[in-house]
Amino acid sequence: KESFFIAPDGKMMAVPVVTAGSTFAAGRPVTLFPTDIVAQPFKFQYTVSRDGRFIVNNLQPEESAAPPITLIFNWKP
């Protein structure tokens, strides 16, 4: 059994885990392969199939060419 995560440097990591009753133990993380993923919490950028293969979304969102909008509240001339 393993748990997978993206490290801050973008590498796909695996950590062996052992569970027994209410006991949980994690081993030492191992680098699997580099990715172009920027680690972001709650962003599903990869998935692992039952046979251990990965589907990785390396696409980064395109930057908007539109300038930012500034809102001013309670402005009185």
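Below you will find a few notes about this structure.

Rules used in this analysis
Starting afresh in each chain, residues are numbered from 1 along the sequence in its written order. Where local features are concerned, this predicted model is filtered to residues with pLDDT of at least 70; where side-chain atom pairs are given and counted, the filter is 80 or more; whole-chain, interface and lining totals use all residues. Excluding hydrogens and water, the side-chain figures rest on all heavy atoms present in the structure. By the criteria applied, helices consist of DSSP H or I runs no shorter than four residues and strands consist of E runs no shorter than two, each listed in order from the N terminus. Contact criterion: two residues are considered in contact whenever any of their non-hydrogen atoms come within 4.5 Å of each other. The accessible surface values rely on the Shrake-Rupley method and a 1.4 Å probe; as for residues, cover is taken only from the protein chains in view. Two strands form a pair only when DSSP identifies at least two bridges running between them. Only protein chains enter the calculation, and the probe is 1.4 Å; a residue is then buried if its accessible area is under 20% of its type maximum, exposed if over 50%, and partly exposed in between. In what follows, salt bridge is the name for a side-chain nitrogen of Lys or Arg lying within 4 Å of a carboxyl oxygen of Asp or Glu. Polar contact is the term for a pair of N or O atoms within 3.5 Å; when the atoms are in protein, one must be able to donate a hydrogen and the other to accept it, and sequence-neighboring residues count only if both atoms are side-chain atoms.

Let's talk about the overall build of the protein chain
Turning to step 1, where the next piece is worked out: Broken down by element type, the protein chain carries 0 helices and 6 strands.
Turning to step 2, where the next piece is worked out: Of the regular secondary structure in the protein chain, the N- to C-terminal order runs β-β-β-β-β-β.
Turning to step 3, where the next piece is worked out: Within the protein chain, residue pairs in contact and separated by at least 24 positions form 20% of the contacts whose partners lie at least 6 positions apart.
Turning to step 4, where the next piece is worked out: When the accessible surface of the protein chain is totalled, it reaches about 7100 Å², and 59% of it is carbon and sulfur.

Thoughts on the pairing of strand β3 (residues 23-26)
Turning to step 1, where the next piece is worked out: Alignment of strand β2 (residues 11-20) against β3, held across 4 bridges, turns out to be antiparallel. Pairing of V18 across the sheet is with A25, part of β3.
Turning to step 2, where the next piece is worked out: The loop that links β2 with its antiparallel partner β3 comprises 2 residues; one of these, G21, has a positive phi angle of about 65°.

Some details on the environment of Q45
Turning to step 1, where the next piece is worked out: Assignment of secondary structure puts Q45 in the loop between β4 (30-34) and β5 (46-48).
Turning to step 2, where the next piece is worked out: Overall, the relative accessible area of 14% leaves Q45 in the buried class.

Remarks on the pattern of salt bridges
Turning to step 1, where the next piece is worked out: Enumeration over the complete set of coordinates arrives at 2 salt bridges.
Turning to step 2, where the next piece is worked out: Two residues, D9 and K11, come together in a salt bridge whose shortest N-O distance is 3.7 Å.
Turning to step 3, where the next piece is worked out: A relative accessible area of 52% means that D9 is categorised as exposed.

Describing the side chain of T35
Turning to step 1, where the next piece is worked out: Among the structural elements, T35 can be located in the loop between β4 and β5.
Turning to step 2, where the next piece is worked out: Within the structure, the side chain of T35 is placed 2.4 Å from the backbone oxygen of G10, a separation counted as a polar contact.

Focus: the environment of I37
Turning to step 1, where the next piece is worked out: Among the secondary structure elements, I37 is positioned in the loop between β4 and β5.
Turning to step 2, where the next piece is worked out: Sequence separation between I37 and K11 is 26 residues; the distance between their C-alpha atoms is 8.0 Å.

Re the environment of R28
Turning to step 1, where the next piece is worked out: On the secondary structure map, R28 appears in the loop between β3 and β4.
Turning to step 2, where the next piece is worked out: Taking the C-alpha atoms as reference points, R28 and V15, 13 residues apart in sequence, are found 6.0 Å from one another.
Turning to step 3, where the next piece is worked out: Ignoring any residue separated from it by four or fewer positions in sequence, one finds R28 in contact with A14 and P16.

These figures come from the coordinates and say nothing about function on their own.
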